[in-house]
Amino acid sequence: IADDIRNRWPTTKSVAILCGNGNNGGDGYVAARHLKESGLDVTIFEIDNKLSKSSEDTQAARISAIAHSIPLNNIAAFLSESILSADIFVDSLFGSGLSRPLEGQLAKIVMKLNAIDKPVLSVDIPTGVGADQAQPLGVHVRATRTVQLAGAKLASALFPARAAFGEISTVPI
């Protein structure tokens, strides 16, 4: 994810990463660390920092982000920010395991992310799209680019869900 951002948008100076508490969020925390190590200004907006809800890998990735002095903000702060100044936004909220429509605060976050006139890179699959469904589940991220991990997801080939992915690349884990 970090390599893709640096290669696709080489003039990027700042990145905001939206992390869920599942493995997709863990991928966001790891990307944040690598981006920070390469000199970029990185901020994380996280759904929930209760480590008991996260996998061990996600917990370790979050702890590493903290150790690298990456600012962590509750996702609610993303809604309250009137001007979001990052050059690029990374969607690592929900991955291929999502099976129901977003609602409430998460739906509002996705709508705000879609309204920002900046590139959005989704990790593995845009939040709100079911991995094997042609129709998005409801409100969903409309990514500029999606980096699929390990293999292509069926939804990335099926319209109208395909439109949510933007440019696509697939990378091995």
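Quick caveat, the model's predicted, so the values are computed rather than measured.

Caption draft 1: Looking closely at the layout of surface pockets. In this structure, the largest pocket encloses a volume near 390 Å³. Looking at the largest pocket, it is lined by 14 residues, and the ones nearest its centre are Ile1, Asp27, Val30, Leu149 and Pro172. At the level of secondary structure, the elements contributing two or more residues to the lining of the largest pocket comprise α1 (2-8), α2 (23-37) and β6 (145-149). Volume-wise, the second largest pocket comes out at about 190 Å³.

Caption draft 2: Region of the structure containing the pattern of salt bridges. All chains considered together, the criterion is met by 7 salt bridges. In this structure, Asp124 and Lys153 form a salt bridge, with 2.7 Å as the shortest nitrogen-oxygen distance. Taken together, the positions of Asp124 in the loop between β5 (120-123) and β6 and Lys153 in the loop between β6 and β7 (167-171) put the pair 29 residues apart, joining distant regions of the chain. Classification of Lys153 by relative accessible area gives buried; the value is 14%. In this structure, Arg145 engages Glu167 in a salt bridge whose closest nitrogen and oxygen atoms are separated by 3.0 Å.

Caption draft 3: Just the nonpolar core, in detail. If you look at the biggest cluster of nonpolar residues, it comprises 21 residues, and the most contacted ones within it are Ile5, Ile17, Leu35, Val42, Ile44, Val90 and Leu121. Those elements that place two or more of their residues in this core are α1, β1 (14-19), α2, β2 (41-46), α3 (56-67), β4 (88-92), β5 and β6. Filtering out sequence-adjacent residues up to four positions away, Val42 remains in contact with Val15, Ile17, Ala32, Leu35, Lys36, Ile70 and Pro71. Residues Ala86, Ile109, Ile116 and Val120 belong to the second largest nonpolar core, which totals 20 residues.

Caption draft 4: Main features of the packing of aromatic side chains. Following the criterion strictly, the structure yields 2 aromatic pairs and no others. A centroid spacing of 5.4 Å and a plane angle of 75 degrees characterise the contact between Phe45 and Phe78, whose relative ring orientation is edge-to-face. Here Phe45 is found in strand β2, whereas its partner Phe78 is found in helix α4 (residues 76-80), with 33 residues between them in sequence. Its relative accessible area of 0% is what places Phe78 among the buried residues. Considering the side-chain rings of Phe78 and Phe89, the 6.3 Å spacing of their centres and the 75 degrees angle between planes classify their relative orientation as edge-to-face. Within this pair, whereas Phe78 is found in helix α4, its partner Phe89 is found in strand β4, the two being separated by 11 residues in sequence. For the pair formed by Phe78 and Phe89, the shared burial category is buried. The cationic tip of Lys112 hangs over the ring face of Phe78; the distance from NZ or CZ to the ring centre is 5.7 Å.

Caption draft 5: Quick look at the packing of α2 against α3. Two numbers describe how α2 lies on α3: the axes approach to 8 Å, and their chain directions differ by 25 degrees. Taken together, the axes of α2 and α3 are roughly parallel relative to one another. Of the two elements, α2 crosses α3, and the hand of that crossing is left-handed. Residues Asn23, Gly26, Tyr29, Val30 and Arg33 of α2 lie in contact with α3, whose contacting residues are Thr58, Ala61, Arg62, Ser64 and Ala65.

Caption draft 6: Spatial organisation of the sheet that holds strand β3 (residues 72-74). With respect to topology, 7 strands assemble into an open sheet ordered β3-β2-β1-β4-β5-β6-β7, the strand pairing being parallel. Edge positions in the open sheet fall to β3 and β7, since each of these has one partner strand only. On average, each strand axis in the sheet is tilted by 20 degrees relative to the strand beside it, whichever way the strands run. Bridge count for β2 against β3 is 3 bridges, and the pairing is parallel. What sits directly across from Ile44, in β3, is Leu72.

Conventions adopted
Residues numbered from 1 in each chain as written. Predicted model: local features only at pLDDT ≥ 70, side-chain atom pairs only at ≥ 80, totals over all residues. Heavy atoms only, no water. 1 Å grid on protein atoms, 1.4 Å probe; cavity = no way out; pocket = protein on both sides within 12 Å on 5 of 7 lines; lining within 4 Å. Points joined across faces, edges and corners; volume = space filled by probe spheres on them. Helix = DSSP H or I, 4+ residues; strand = E, 2+ residues; numbered from the N terminus. Salt bridge = Lys/Arg side-chain N within 4 Å of Asp/Glu carboxyl O. Buried < 20%, exposed > 50% of the residue type's maximum accessible area, 1.4 Å probe, protein only. Core = buried A, V, L, I, M, F, W, Y, C linked by side-chain atoms within 4.5 Å. Contact = heavy atoms within 4.5 Å. Phe/Tyr/Trp six-rings, centres within 6.5 Å; stacked < 30°, edge-to-face > 60°. Lys NZ or Arg CZ within 6 Å of the ring centre and 35° of its normal. Axes fitted to C-alpha atoms, helices over the stretch in contact; angles between N-to-C directions. Parallel < 35°, antiparallel > 145°, perpendicular 65-115°, else oblique. Left-handed = near helix turned anticlockwise from the far one by under 90°. Pairing = 2+ DSSP bridges.

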